[in-house]
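Survey of secondary and tertiary structure
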Amino acid sequence: IVGYRHSDGQAPRREDISGGYEYRALSQPIGPQDTALFRCDDLELRRGERVALLGPNGAGKRTFLKTALGQLPPLAGQVRIGASVRLGYLSQAHAELADDMTALDAILEKAPRMEIGEARRLLGRFLFSGDDVFKPLAVLSGGQRSRIALARLTLEGANFLLLDEPTNHLDIASQEVLEQVLRSFSGTVLLVTHDRYLVDALATQVWMIEEDELRAYPGNYTQYQASKAAAAAAQLAERAEQEVGEAQRHRERAREERRQRKAAEQRQEEIARLEASIHSLEERLEALGAELAQASATMATAQVRQLGLEYQAAEEHLHRLMEEWGALAG
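Residues numbered from 1 in each chain as written. Predicted model: local features only at pLDDT ≥ 70, side-chain atom pairs only at ≥ 80, totals over all residues. Heavy atoms only, no water.

1. Structural notes on the packing of aromatic side chains
One pair of aromatic rings is described through two measures. These are the centre distance and the angle between the planes. By the definition in use, this model includes 4 aromatic pairs. Here Y221 and Y224 contribute two aromatic rings whose centre-to-centre distance is 5.6 Å and whose plane-to-plane angle is 40°, an arrangement assigned as tilted. With Y221 and Y224 both in helix α7 (residues 221-297), this residue pair falls 3 residues apart, about one helical turn. Its relative accessible area of 14% is what places Y221 among the buried residues. On the accessibility criterion, Y224 (8% relative accessible area) is buried. (Phe/Tyr/Trp six-rings, centres within 6.5 Å; stacked < 30°, edge-to-face > 60°. Helix = DSSP H or I, 4+ residues; strand = E, 2+ residues; numbered from the N terminus. Buried < 20%, exposed > 50% of the residue type's maximum accessible area, 1.4 Å probe, protein only.)

2. A word on the side chain of E179
Note that E179 resides in helix α5 (residues 172-184). Not counting residues within four places of it along the chain, the set of residues in contact with E179 comprises Y197, L198, A201 and L202. (Contact = heavy atoms within 4.5 Å.)

3. Brief notes about the sheet that holds strand β9 (residues 188-192)
Strands sit in the order β1-β4-β11-β10-β5-β9-β8-β7 across an open sheet of 8 strands; the sheet is mixed. Both outer strands of the open sheet, β1 (2-4) and β7 (87-90), are each paired with one neighbouring strand and no more. Strand-to-strand twist in this sheet, taken as the mean axis angle between neighbours without regard to direction, amounts to 20°. Looking at chain direction, β7 and strand β8 (residues 160-164) are connected through 4 bridges and run parallel. In the strand pairing of β8, L90 is matched with L163. Strand contacts of helix α4 (residues 142-155): β7 and β8, with the helix running at about 175° to β7, the strand carrying the most contacts. (Pairing = 2+ DSSP bridges. Axes fitted to C-alpha atoms, helices over the stretch in contact; angles between N-to-C directions.)

All we've got here are geometric facts, nothing functional implied.
In structure tokens form, the structure reads like this:
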């Protein structure tokens, strides 16, 4: 977790480990007075990779740089620096440059054994020529000071550059020099910038702070945008598929409800038909019973036999209808 504590006197704890060192979070838990900016899963940055750290203002990009530099401990977790890693930091302020030194002094301070001619040739690669090398830094523009700071970093043997808005205040020519230097740099670069062109030209990864979390995307800014667009399209497609599936399920439920309503209506119609038939048979049985009684009284044997068969058949029919009615109405 990247953030900062509001209590004073908290210094990073450096612990030597096999092949390098690491800065661990302080032992005390995160308190309500501390500020947690964002969290990130394990990230690994290898030699030769160039990472652009992006995110909205106030998200914690500069705090992340300080944490990577060991100036600020993480609130949780650790930062591990590998063997032979030499950090070089280019800040916006260039506070390490004294106003009274010249451009040539700034180079020779870092490389005191360098010949004057070699130092001037180095400055020439950073667009300083003629008497410009003797001008005090106080009169130089922000872009010129940035070029000198970058030239000094190349002399320090740094193989891991951390750059804070390196193109701020740079003219087009200085931006092109910066891009050329970083493109030819064989080490690792982590840069905070709003310069989308620089990110497109250099980045092998984009680390984006979004929704209080740092997420890593392979490629440059254009590829990051394509990845986000593809993810958004996939999400929309999934949502559309879900909506289509829900609509299909809704139609199936509606069809089933119609089928059940129709079946219920048919059952009620059949029950009504059976009840009418049962009522009619009951009336017929009542009439046959009366006829049987009269035939028996007059000793009409043949008629009694005939009426008895009709009565039995009607009674059996009524029994079957009552069973059907009971199955439907039960």
